[in-house]
Amino acid sequence: MRLKFTTRGRAALVNAAHTGTKAVTVTQIGVTEQAFIPDPNGGDVSLPGERKRLTTFGGKAVADDVVHLTVRDETDDSYMLRGIGLYLDDGTLLAVCGSDKIILEKSAQAMMMLAIDWMMADMDAKQIQFGNTDFLNPPATTETQGVVELTTDEEAVAGLDRQRAVHPAALHAALNARLGLGAPTLLTKTILAREDATDVRKDLGLKGASLKDEGAGNGLDSDTVDGKHATDFATKQHTHTIAEISDLAPTRLLPAGMVAHFPTSAPPEGWLRCNGADVSRTTYAALFAVIGTTFGSGSGSTFRLPDLRGEFIRGWDDARGIDTGRAMGSAQAWANGEHVHGMELWTATTTPGKAEMPAGTPLLAPAPALGDGGIIRTKGQTVGTSNNAAKASTTEGPMANAAGESRPRNVALLACIKF
């Protein structure tokens, strides 16, 4: 509730010389059920719809700018209180308070008790006096006994409120917030009760050099290990696993673009199959920065991996001159090196040897009489002569380990590239 001075009430407080205020006495308080808003210019001279006036009230200045006012109605009257007015002993309306809402409901069976703290911005509260103060319940201050509101736990923890009283539970919450839950501990209480610093060190388990406040080089037991100082011990060599080193990912220890073979059907973490696939330049940016489009590209957003399936890897010539004309990453078809083979011929006898063939005589000549597709003709033989025992011995069918390619012995592994 906000009490507002009327123009006449403010004039009654100002002394004739206009050098300050003079004391006035409130003798009656009117009550009303009518909803109203006080004139902001202080033009009210009476309480609108006033129901009656009460003399059972009390008031007192509890600060230079605060008046605590208590109004009581012990009659069997009943009404909806929406406003009050304070009247001086000469009938002047000093101040009013009004609202369009119900402030308090008075029933016939109950006593009404209304308490108001009236704050004044430019008036001396001590200049306003009240008649009956026997039942006054002012707010409690450091100087005045009275009614006080209890603080919440949050307000006690914040420690900023000067108007509310702290109860034990709120005090406990404030101590927990500052010292920790359940604090202080038994050790803390013991230390706080000590009068000597030596006892405190003992409570903390500090001995030797700590008790004497002496540091290294003073020959104290706590200054050495087995009688030796730290400088007497050589640094011990040791190793760490990769997992023990923080912020070091095992997948980044090898450079992007490295090719390796694995005895597994799937690539390990951080590797891709060398299968000629097109992959994203964004997803595998580090690998793309190394090999680019050396092995081709399916689009402007992808690049091609090398296809090493079923291939042998050959070191790049790099201007040595052994495998010239090769670009990095280029493929090379299979080939056999140029070479010669020797041939043994049989003579007309059963003894193998090197037969001399007449000039212009072909090595393989048709043998129509025998019908065997041809014989090897040697010196002294005639066409059609049966010389099966004297012809060259040949092998029918393919040679052993024949295949569609020339290759060395090998083991099949999965070729992968680091990304």
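Residues numbered from 1 in each chain as written. Predicted model: local features only at pLDDT ≥ 70, side-chain atom pairs only at ≥ 80, totals over all residues. Heavy atoms only, no water.

> How should I be thinking about the pairing of strand 4 (residues 57-63) in this particular structure?
Consecutive side chains along a regular strand alternate between the two faces of the sheet. Relative to strand 5 (residues 66-73), strand 4 is paired through 6 bridges, and the arrangement is antiparallel. Within strand 5, the position partnered with Ala61 by the bridge is Val67. Following strand 4, the chain reverses through 2 residues before pairing antiparallel with strand 5. (Pairing = 2+ DSSP bridges. Helix = DSSP H or I, 4+ residues; strand = E, 2+ residues; numbered from the N terminus.)

> Sorry if this is basic, but what is going on with the sheet that holds strand 10 (residues 112-119) here?
Whether parallel or antiparallel, the strands of a sheet pair through hydrogen bonds between backbone atoms. What the 3 strands build is an open sheet, ordered 4-5-10; its pairing is antiparallel. The open sheet is flanked by strand 4 and strand 10, the only strands paired with a single partner. Direction aside, the axes of adjacent strands within the sheet are offset by 15° on average. Bridge analysis of strand 5 against strand 10 gives 8 bridges, and the strand direction is antiparallel. If you follow Val71 over to strand 10, its bridge partner there is Leu114. (Axes fitted to C-alpha atoms, helices over the stretch in contact; angles between N-to-C directions.)

> Is there a simple way to explain the packing of aromatic side chains in this structure?
Two aromatic rings are characterised by how far apart their centres lie and by the angle between their planes. What the rule picks out here adds up to 5 aromatic pairs. Centre to centre, the rings of Tyr284 and Phe419 are 5.0 Å apart; their planes meet at 75°, and the pair counts as edge-to-face. Residue Tyr284 is found in the loop between strand 14 (278-280) and helix 7 (285-291), and its partner Phe419 is found in the segment after strand 20 (414-418); the two are separated by 135 residues along the sequence. The ring centre of Phe419 lies 5.6 Å from the NZ or CZ of Lys418, which sits over that ring. (Phe/Tyr/Trp six-rings, centres within 6.5 Å; stacked < 30°, edge-to-face > 60°. Lys NZ or Arg CZ within 6 Å of the ring centre and 35° of its normal.)

> When you look at the sheet that holds strand 20 in this model, what are you seeing that I'm missing?
With respect to topology, 3 strands assemble into an open sheet ordered 12-20-13, the strand pairing being antiparallel. Lying at the two open borders of the sheet, with one neighbouring strand each, are strand 12 (259-262) and strand 13 (271-273). Strand-to-strand twist of the sheet, defined as the mean angle between neighbouring strand axes without regard to direction, takes the value 40°. Where strand 13 meets strand 20, 3 bridges bridge the pair, whose relative direction is antiparallel. Its bridge partner lying in strand 20, Leu272 is registered against Ile417.

> Would you mind going over the layout of surface pockets with me for this structure?
Empty space among the atoms can be located by rolling a probe the size of a water molecule over them. In this structure, the largest pocket occupies an estimated 1,400 Å³ of space. At the level of elements, strand 12, helix 7 and strand 20 are the ones that each hand at least two residues to the lining of the largest pocket. Here the lining of the largest pocket takes 3 residues from strand 20, the largest share from any one element. Across the lining of the largest pocket, the residue classes tally to 22 nonpolar, 12 polar and 10 charged. (1 Å grid on protein atoms, 1.4 Å probe; cavity = no way out; pocket = protein on both sides within 12 Å on 5 of 7 lines; lining within 4 Å. Points joined across faces, edges and corners; volume = space filled by probe spheres on them. Nonpolar A, V, L, I, M, F, W, Y, C, P; charged D, E, K, R; others polar.)

> Hey, could you run me through the confidence of the model for the protein in this one?
Parts of the prediction with low pLDDT should not have their coordinates interpreted in detail. Per-residue pLDDT for the protein has a mean of 79; in total, 72% of the residues score no lower than 70. Confidence drops under a pLDDT of 50 for residues 345-357, and excluding neighbours within four residues, the segment shows 26 contacts in the predicted structure. Note on residues 365-396: pLDDT is under 50 here. Beyond four places in sequence and across chains, it has 45 contacts. (pLDDT = per-residue confidence, 0-100. Contact = heavy atoms within 4.5 Å.)

> Looking at this model, I keep getting lost on the side chain of His68. Mind explaining?
Considering the arrangement of structural elements, one finds His68 in strand 5. In this structure His68 comes out as buried when scored by relative accessible area, which is 4%. A polar contact of 2.7 Å, which involves the side chain of His68, links it to the side chain of Asp117. (Buried < 20%, exposed > 50% of the residue type's maximum accessible area, 1.4 Å probe, protein only. Polar contact = N/O pair within 3.5 Å; in protein donor to acceptor, adjacent residues only side chain to side chain.)

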